[in-house]
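Structural features, examined
Listed here are the chains, written in short residue letters.
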Amino acid sequence: MATFHRKTGTFISLSNNNTSASRNNPTTEFNNGVIMSNEPLCDDVLFEVRINKKVNSWSGSIEIGVTTCDPSTFTFPSSATGFREGTWVMLGSSILKDGQSIVEEYGQDLDQLNEMDTVGILRTSSGSLHFYINGIDQGSAASNLPNKIYAVIDLYGKCSEVSLVRDNSQHGGSSPCGAGQLSNEMANMEIAEQESSVVMMMTSPLPSLPSNEHLVFHERIGSLIKLSNNRRTAERRRPLDEFNNGVIMTNRPISDDQLFEIRLDRLVDKWSGSIEVGLTTHNPGNLDFPATMTNIRSGTIMMSGCGILTNGKGTRREYGEYNLDELMEGDRIGMIRKSNGCLHYYINGVDQGVASTETPKTAWAVVDLYGMAVKVTILDCLRPQTQPESVRGQRANNIIRQFRDTIFADELEDEQQRDRLTFHSNCANHCALTNGHMTAFRPNPLEDFNFGIAMTNRCLRANETFRVRLDSTVDKWSGSLEIGVTEHPPQDFEFPCTMTNMRSGTWMLSGSGIMHNGNPLNEDFASESQQFQQPDKLSKLKVGDVIGVTRREDGTLHFSLNDRELAIEAGNVPENVYGVIDIYGQASQASIVNDVDVCRNSHHVSSEDELRFHRRHGRNACISNGGRTAIRPNARGEFNDAILMSNRPLKDNELFEVMIENMVDRWSGSIEAGLTTIKPEDIEFPSTMTDIDFQTWMLSGSAIMQDGFTIKNTYTCDLDKLSLNSRIGMVRSVEGNLHFYINGEDMGVACYNIPQNVYAVIDLYGQCAQVSITSGGHVHMAVADHLHHGSAAHEARPRPTTNESLTQTPDSTNHRFSQRCGVNIALKNNASSAERTKSFNHGLVFSADPLKSGEMFEVRVERLASQWSGSLAIGLTSMISDNTAVDHLPSSASANDFNDFTSRPSSKTIWMVCDCQVKKNAGIICENYAPSLQRLQVGNLVGVKRGVDNTMHIYLNGRDLGVAACDIPKNVFAVIDVYGMVEAITVTSSPLKDMVSQLLEYSTPSHVIRSTSTESLQGDDHDNDNDKREGDKDTSVKSFIFHESHGKNIKLFNAGLTAQRMASYNEAIVFSNRHLQSNSVFQVKIDRLNENWSSSLMIGVVECCLVDVDQLPISAIDVTKKVCCILQADSVYYSGVKVKDYFGANMDTLAVGDVVGVSLDEDRQLHVYINGCDKGVAAKDVPPHCFAIIDLYGQCDQVTILTDEALSMPKTDSSFNSCEVSSKVECSDYREKVDSEDGMKEKMYESPLNDISRESSKCDYQSACERFKSLLGLPEAYFDSTHNRCYCEACYKLRGDELYYKRGDPLKDYAIPIGWCRFALRVHQRARVLNVFERWHVAFHGTRVEAVRRILDCGDLLMPGDTALGGFQLRPPVGHFDEKHKPDGFDIQQIFLSPTIKYSGQQVYAHKHEFKDPKTSKLLFGRIAFQVWVKPGSYKIGAQTIGANEQLDLQFDNSELEWSTKERGATILYGLLIKIE
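About the cut-offs
- Residues numbered from 1 in each chain as written.
- Predicted model: local features only at pLDDT ≥ 70, side-chain atom pairs only at ≥ 80, totals over all residues.
- Heavy atoms only, no water.
- Helix = DSSP H or I, 4+ residues; strand = E, 2+ residues; numbered from the N terminus.
- Buried < 20%, exposed > 50% of the residue type's maximum accessible area, 1.4 Å probe, protein only.
- Contact = heavy atoms within 4.5 Å.
- Areas by Shrake-Rupley, 256 points an atom, 1.4 Å probe, with all protein chains shown as cover.
- Phe/Tyr/Trp six-rings, centres within 6.5 Å; stacked < 30°, edge-to-face > 60°.
- Lys NZ or Arg CZ within 6 Å of the ring centre and 35° of its normal.
- Polar contact = N/O pair within 3.5 Å; in protein donor to acceptor, adjacent residues only side chain to side chain.
- Core = buried A, V, L, I, M, F, W, Y, C linked by side-chain atoms within 4.5 Å.
- pLDDT = per-residue confidence, 0-100.
- Salt bridge = Lys/Arg side-chain N within 4 Å of Asp/Glu carboxyl O.
- Pairing = 2+ DSSP bridges.
- Axes fitted to C-alpha atoms, helices over the stretch in contact; angles between N-to-C directions.
- Arc of directions from axis to C-beta.
- Expected span 1.5 Å × (residues − 1).

**Some remarks on the overall build of the protein**
Scanning the protein for helices and strands turns up 14 helices and 90 strands. When the 1477 residues of the protein are sorted by exposure, 56% land in the buried category. Residue pairs at least 24 apart in sequence account for 70% of intrachain contacts in the protein once pairs closer than 6 positions are excluded. Carbon and sulfur atoms make up 46% of the accessible area of the protein, which amounts to about 62,700 Å² in all.

This is the structure we're talking about:
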């Protein structure tokens, strides 16, 4: 009989011959209650305990598992989760291995068990671990367990006493039955049925199965189920109103090898999803029926759709040949649990294969009448009934039952296709096969040029043509594709380096003639062919050319090019020859063009030119109507995975057009269309085509996307607005431009520089469910592609509105490269293009002029060379000067001479982004800054910008990748390293003042612009703004309107003067159509308020108009990547950070009819106006050329622009004193004090209880710290997230924090914790009573990770020697003084603090803790410290005691770094600090 081992946890007492265990003092102690089995577990024998007693003092409960640790020699930890060295423990509903979670949700929650419930563990003979709760198997929790393992039980938390249940040795692979689970009568019935299942029917494809005559549905059912027919029929009530709560189960567990089969009697065509069928270990007599069985998280296996779900989670995405959601009325569904534990499903009698290999022994059949499924009946049958082949074929096509068209003929494989020519699997060393052995290629065509031979899988028949199409080439070698025949079979052939070296039985077309056994047969071969006029004739083959070889019945060998026979042939070729190709030299890939395809197409006039859908497509799409119609059959159940492609590349000026024939109103989004260079045979279809990141151009909604990135918004048509019978087409013009057509009308140029040989792509996405190809045809693009010379193309081409979004052809207004550049650089096109002429390095180029604040320098990649590794690098530098010699420049941004160059005393600083790293001179300052620049493609845009806040930003295809570096000085040049695979670039950006002119050209409607000179529209450069006087106002533009780019909930009308929010309370940002001129006022009148919401309108200015609608935030205060000053309520926000409170004008109090406006004065100060009254300066040093920004938020849902802009400047509100905005935090609750010692004004620290400066958005570092905090398992009740603050380098500089502040009475310096992130703690009420916010000092206390929870539980810091909850005793930190190593008279039982985190955050106090980031899976280190208030006079100031040899903080001497106190209650916690390394 099993017993507990006599060695136990500290607080455990054993009784009843070591079969019962209890935890001493259960109401005061919650852990140290570990017990283990006396002997190792035997295979297939259940070790089970019963919970005798529980207490309610604690959280958590019993924990159970197995371990390889021997209890006689093992030192027990405080809890089972502390076991290591091969331990599996069930904690709550999770499975942990060696303390790390491996299964998040498994089985019933142990914390929910009651007294007298049983818990058990079992190791199967196959090495799997199973847990049992009340006798019910919860399924496999782990596999491959060691042979020798002990049971481990932890009487933790609420669980205080357990007893062993008697031995269960009869569990040899079967599920145990706990008390009250099955009556003896039921058990006897099951045994009798198992004994009756011995007979086998040899004539059946399946074993003879026991009768299920006695199987009926259980009387306990889902809330909407009605039973009839003696409980053999189940029906869901109100099927048109309800779609779930239709779970039914059998009256008893099913037996081994017993078929349970039901018939689907009724469906409704309303819902998505349908019937689900499976097994469960849950007894229907005790089960609380869920709304759907997939909600059950233990002991359940279900087939749903075409997948298998185990415990609610998908374990097999694709199973069998049928989808349950596609079955029709009358279809049958069955399942068998075989004696070996495998579960099989049967659809209409057809075995779908093994669905699960580990099925519990005791399991009830369960059916979920979900969605479309309404009624089922249990069938009486001994085995699955097979159907005639014709019926099964009909069932296989049920997936398109609502479409009665004929399935596309190419989907069915006939005898002729099975006998088609393919390449033999045995090929030369440098050759590989793909596409079902129809395509051969050299994987490394730039490294090798030969050994590319491939042969046919069989001999060529008489008059059979072996045709091969050249798919791709490289521009490196001489020679090209060679074709011929050989007598050598491919099975055992030893391939030479090239077939022209063969000296027997071989005829090859090579170069200018036929080679027979390596010797020229006819030097003048094919002299009459126009394709072979050069000396090396086959080397002139183009991609797409088809060459062929045919052996005629008379033994002559004929060659053809593009199906035109060449003039001269070879003779006396024997029978039984194989086709052979040599992918040599420039040729890198070739594919067989089958005679089957040619013969099939020969029955149709010009059928090979007819555009159809390719037979390969997304898994949710079907082709019909001879390849002209595409459908998404389950359009209400699936919204994606329905990509179609054309059967061939489009010709120049050829229109590919489809008509929308069916739509559903269930999803958002609709059809997407575009072009790609990827062949249908080579593509692995994603769920949607916009996921493709290579050579693909798509129109999605009104956005143009290239390689998955949005390159243009607000295209002239919106596919999401198309209706039934609308037509959409696409054309690649001769000039290489992409045009889209809607109902025959050209929408203008969408993209430029589209390569040839592109395939049309249609994505049946969202609402679009069926399309058909129209006749299409060719269009005349001569006018369409040159519209950019007129007004029509002005609407169709991209609309650049800011410096960073412009891409232009080089002209006199563009940026230029400096003449000082790397020795391998050649400048062209008036220094607007740079090309590396040789090698892979010495390609540094610089901008000709320094960049102004807010100015971007952008280039386009023009040419790549794939033989080199590495790629372009970009950044800013002050290293270029008039006396910088070209030969003194480093070879590249990553070379050793670059490090030497930047380390010279006379050298200036350089900031570069290389790959995904940011470097400052030779050192790396940021890892994983952005997507790797190694992935650049031809046409990609890369830019660098010096922000007005002295930061460096990198832009990729117009997208701001964020701050790369800070503290960038003035007069820096753009620097680009044309390195590695990037060989040529062209400037696409223009100087800043030219950008404003172009912005007005694109963003201001023509009816608003008056006849004026260019200078009157440009405004002044920001360096000369002070020269502009009030009388110099711009009179050329009489009124503002709203910009066409706006939030998704905005509708513009009244000629763009009125903006209305159509839905929700946010995502309603609008901009002015042009930037603000000095002393001009942008004013709007509030037309309507909605009292259902809180808060109201926000107003301010933004550095540039955010044209990319998809990147607009939900509210204006979330604009953080651009300089944005916003007034919200009575607070001023600067790029998302609150910098001022109680401004003097409250936006939330405005009423209907009120007028609010903004203006910039000559000193670039932002003024806010309410009803014509100036409320003062809200912000200073605003960037030039700002746009007005309005957020119709909360109550405000409609505004109109006041058109009279020529108003004189309104008078100032005398009741308001203008105040300066500062980047530093100011708290209205505290006033500046005078420091009597140094006369300096105190820079106040923010109040943690009235924080007016928290960030409205999180940086990546703060998010990483939050993930580490979540791993600590700290209760959220301890924290107050409203006062969290990130002190990373970027955030504290953005706020403008000082490094040191003074606090308390008397004042005492402390340092802000740079590099850490603070998570504010809830502060006890006594902090307010004691007024600690003003009177106490600020300090820091470093600690270990394992002590954090104990400190928070106690609510105060602990001294060395203190005992926390659970018996945890705090020890002096390693490396600090302790009882054995300390100076005479030093007391170690004190709390140690410091005014700087640079001391408290040292390894001695704040130990590094290694962890795995849940998001990135990287191994990182975390440190923990507390920010505290400390009572003045309660502590002593002393020297550092950690053995530091250098000054740790410049503000504090090492002799005053350590504060110590023995006074309890002299500290108050108010922040948990985390640092990630």
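More follows now that the structure is in view.
**Examining the packing of aromatic side chains**
For the structure shown, the criterion picks out 32 aromatic pairs. Among the aromatic side chains, those forming a connected cluster through ring pairs are F30, W58 and Y156. Residue placement shows R1074 over the ring face of F1040; its charged tip is 3.9 Å from the ring centre. Sitting over the face of the ring of F1319, K1269 holds its NZ or CZ atom 5.6 Å from the ring centroid.

**Some points on the environment of H614**
Relative to the elements of secondary structure, H614 occurs in the loop between α4 (595–601) and β40 (622–624). We classify H614 as buried; its relative accessible area is 6%. In this structure the C-alpha to C-alpha distance between H614 and G627, which are 13 residues apart in sequence, comes to 7.2 Å. In contact with H614, not counting residues within four places along its chain, are I623, M645, S646, N647, P680 and E681. Among the polar contacts made by the side chain of H614, one reaches the side chain of E681 at a distance of 3.4 Å.

**Some thoughts on the nonpolar core**
If you look at the biggest cluster of nonpolar residues, it comprises 41 residues, and the most contacted ones within it are F1082, M1147, L1166 and L1192. Ranked by the residues each element gives to this core, the list is headed by strand β70 (residues 1081–1089), at 4 residues. Core analysis: the second largest hydrophobic core is formed by 37 residues, I660, W697, L738 and I742 among them.

**Thoughts on unusual backbone geometry**
In this structure, P1306 follows D1305 across a cis peptide bond, with omega equal to 5 degrees. Within the secondary structure layout, P1306 lies in the loop between β81 (1300–1303) and β82 (1308–1311). Positive phi is not limited to glycine here, since N18 has a value of about 60 degrees. Looking at the element boundaries, N18 is found in the loop between β1 (12–15) and β2 (20–23).

**Let's talk about the confidence of the model for the protein**
Confidence along the protein averages 78 in pLDDT terms, with 78% of residues attaining 70 or more. For the stretch residues 172–213, pLDDT sits under 50, and the model shows 66 contacts to residues farther than four places along the chain or on other chains. For residues 596–607, every residue scores under 50 in pLDDT, and the model assigns this stretch 8 contacts once sequence neighbours within four places are set aside.

**Let's talk about the pattern of salt bridges**
Side-chain pairs of opposite charge can arise where the charged atoms are in close proximity. For the structure shown, the criterion picks out 39 salt bridges. Residue E657 pairs with R727 through a salt bridge whose shortest N-O separation is 3.2 Å. Of this pair, E657 sits in strand β43 (residues 654–663) while R727 sits in strand β48 (residues 727–732), placing them 70 residues apart in sequence. Its relative accessible area of 7% is what places E657 among the buried residues. For R727, a relative accessible area of 26% gives the class partly exposed. The partner of E835 in a salt bridge is R863, with the nearest N and O atoms 3.0 Å apart. Here the residue E835 occupies a position in strand β55 (residues 833–836), and R863 occupies one in strand β57 (residues 855–864), the gap between them amounting to 28 residues. In this structure R863 comes out as partly exposed when scored by relative accessible area, which is 32%. Salt bridges sharing partners connect three or more residues here, namely K828, E835, R863 and E983.

**Some remarks on the environment of H344**
Positionally, H344 belongs in strand β23 (residues 343–347). You can call H344 buried: its relative accessible area is 8%. Along the chain, H344 and D257 lie 87 residues apart, while their C-alpha atoms are 9.8 Å from each other. H344 has contacts with Y319, G334, M335, I336, K338, D351, G353 and V354, leaving out every residue within four places of it along the chain. Side chain to side chain, H344 and D351 meet in a polar contact 3.2 Å long.

**Let's talk about the sheet that holds strand β11 (residues 136–142)**
What the 7 strands build is an open sheet, ordered β1-β2-β13-β4-β9-β10-β11; its pairing is antiparallel. Each of the sheet's edge strands pairs with one partner strand only, and the pair in question is β1 and β11. Between one strand axis and the next, the sheet turns by 25 degrees as a mean value, whatever way the strands run. Both strand β4 (residues 47–54) and strand β9 (residues 118–123) contribute to a ladder of 4 bridges, which runs antiparallel. Its bridge partner lying in β9, V49 is registered against V119.

**Observations regarding the sheet that holds strand β89 (residues 1458–1461)**
Across the sheet, 3 strands lie side by side as β85-β89-β88; this open sheet has antiparallel pairing. Edge positions in the sheet fall to β85 (1391–1393) and β88 (1436–1438), since each has one partner strand and no second. The mean inter-strand angle of the sheet, taken between neighbouring strand axes irrespective of direction, is 30 degrees.

**Some words on the side chain of S1096**
Within the fold, S1096 resides in the loop between β70 and β71 (1098–1102). Once residues lying within four places of it in the same chain are set aside, the contact partners of S1096 are L1089, M1147, D1148, Y1193, Q1195 and C1196.

**Focus: helix α13 (residues 1345–1354)**
Among all positions of α13, only V1345, A1347, V1348, I1351 and L1352 are buried. Relative to the axis of α13, the buried residues are bounded by an arc of 135 degrees and lie together on one face. For α13, the elements touching its buried residues are α9 (1260–1271), β84 (1337–1343), β86 (1409–1412), β87 (1419–1430) and β90 (1467–1476). Once α13 finishes, G1355 follows within two positions and takes phi at roughly 80 degrees, a positive value.

**A look at the pairing of strand β59 (residues 910–914)**
Of all 5 residues in β59, 5 are buried; the element is thus mostly enclosed. Every second residue of β59 is oriented toward a common face, with I910, M912 and C914 on one face and W911 and V913 on the other, all of them buried. One ladder, built from 5 bridges, connects strand β58 (residues 873–877) with β59; its direction is antiparallel. Note on β59: the bridge partner recorded for T877 is I910. Relative to strand β60 (residues 917–920), β59 is paired through 4 bridges, and the arrangement is antiparallel. Paired with V913 across the two strands is V918, which belongs to β60.

**Points about α9**
Look at α9: 17 Å from first C-alpha to last across 12 residues, which is about the 16 Å you get at 1.5 Å a residue. Here α9 has its buried residues at Q1262, A1264, C1265, R1267, F1268 and K1269. Those residues of α9 that are buried are in contact with β80 (1285–1286), β83 (1317–1320), α13, β86, β87 and β90. Looking one or two places after α9, you find G1273, whose phi comes out positive at around 65 degrees.

**Thoughts on the side chain of Q1427**
By the element assignment, Q1427 lies in strand β87. What makes Q1427 buried here is its relative accessible area of 0%. Within the structure, the side chain of Q1427 is placed 3.0 Å from the side chain of Y1470, a separation counted as a polar contact.

**Considering the pairing of strand β7 (residues 94–97)**
Alignment of strand β6 (residues 87–91) against β7, held across 4 bridges, turns out to be antiparallel. Bridge pairing in β7 places V89 opposite L96. Linking β6 to β7, which pair antiparallel, is a turn of 2 residues; within it G92 sits at a positive phi near 65 degrees. Where β7 lies against strand β8 (residues 100–103), 3 bridges are found, and the strand directions are antiparallel. By the bridge assignment, I95 is partnered in β8 with V103. Count of turn residues in the β7/β8 antiparallel hairpin: 2 residues, of which D98 carries a positive phi of about 55 degrees.

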